[in-house]
Amino acid sequence: MTLAHKIQLDPTVKQERQLRKAAGCARYTWNWALAAAEAHYKETGKAVNFGELKKRWNREKPDWVRLSPKDANQQPFTNLKKAYTNFFQKRTKRPTFKSKHKNRDSFYLSNDKFRVEGGRVRLPKVGWVRLTEGLRFDGRIMSATVSRTADRWFISVSVDTAHTPKHGEEALGVDLGLKHFATLSTGEVVDAPKPLKASLARLRRRSRQHS
């Protein structure tokens, strides 16, 4: 089972600037690839070959791109190819350009590009960044996504937990929903408490007693 643990980062001011640059690099790469793919389709009526498109990018990309982690300017091609596949199979809308003000800052890291040790993580081009908590799951680290929400930065680490849990420890997947508060990976359903319903019933009972 693969589980993701999202942990808040505690970067220095200098590290935060690097994180913003990496996210900007990922956004720029996505937009460049999308523009090239759309132009190719208009000219030829055919879908672009993403392998060839990536080779072209590696020849033409700006020098400042190299100041950010490599995955920040490589993974967007994989993401865009998947987005087009989902679009042509009518599962999602057509891919759109990303805006600095409308889209969340984020970038991807493969498992050989970063390392987690206790309460810190080493990110390429950024260095060791403090974590607000340690990694919760044991197992093989698969990948990570660094993202920003408001003025806080997070890293979501995907871990393959195909191992025997420690005594007294069990990892569970949790899916939050509307019909049920939570559905566990074991199939167990947890209903949300309903304090308002109970309070209204108690209020009606007290009102009758008062009358």
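Keep in mind that this is a model prediction, so the values were computed, not measured. (Residues numbered from 1 in each chain as written. Predicted model: local features only at pLDDT ≥ 70, side-chain atom pairs only at ≥ 80, totals over all residues. Heavy atoms only, no water.)

K.L.:
Break down the overall build of the chain for me, citing the residues and quoting the values.
P.N.:
The secondary structure content of the chain amounts to 4 helices and 10 strands. The N-to-C order of helical and strand elements in the chain reads β-α-α-α-β-β-β-β-β-β-β-β-β-α. Relative to its 211 residues, the chain shows a buried fraction of 33%. Within the chain, contacts between residues separated by at least 24 positions form 62% of all contacts whose residues are at least 6 apart in sequence. (Helix = DSSP H or I, 4+ residues; strand = E, 2+ residues; numbered from the N terminus. Buried < 20%, exposed > 50% of the residue type's maximum accessible area, 1.4 Å probe, protein only. Contact = heavy atoms within 4.5 Å.)

K.L.:
Outline the packing of aromatic side chains, listing residues and values.
P.N.:
One pair of aromatic rings is described through two measures. These are the centre distance and the angle between the planes. Counted under the stated rule, the structure contains 8 aromatic pairs. Look at Tyr-28 and Trp-57: their rings are 6.2 Å apart centre to centre, the planes differ by 50 degrees, and that puts the pair in the tilted class. Separated by 29 residues along the polypeptide, Tyr-28 in helix α1 (residues 13-44) and Trp-57 in helix α2 (residues 50-60) bring together distant segments of the chain. On the basis of relative accessible area, Tyr-28 is assigned to the partly exposed category, the value being 34%. Among the aromatic residues, those joined into a ring-pair cluster are Tyr-28, Trp-32, Trp-57, Trp-64 and Phe-77. Just above the ring of Tyr-41 sits the side chain of Arg-94; from NZ or CZ to the centre is 5.9 Å. Arg-120 extends its terminal NZ or CZ atom over the ring of Trp-128, reaching a point 3.8 Å from the ring centre. (Phe/Tyr/Trp six-rings, centres within 6.5 Å; stacked < 30°, edge-to-face > 60°. Lys NZ or Arg CZ within 6 Å of the ring centre and 35° of its normal.)

K.L.:
Please provide a residue-by-residue account of the sheet that holds strand β7 (residues 152-160), values included.
P.N.:
Pairing within the open sheet is antiparallel, and its 7 strands lie in the order β2-β6-β7-β1-β5-β4-β3. Taken across any chain shown, the strands that pair with only one partner, and hence form the sheet edges, are β2 (106-110) and β3 (115-117). Across the sheet, the mean angle from the axis of one strand to that of its neighbour is 30 degrees, orientation sign disregarded. Pairing of strand β1 (residues 2-10) with strand β5 (residues 127-131), which is carried by 2 bridges, proceeds in the antiparallel orientation. (Pairing = 2+ DSSP bridges. Axes fitted to C-alpha atoms, helices over the stretch in contact; angles between N-to-C directions.)

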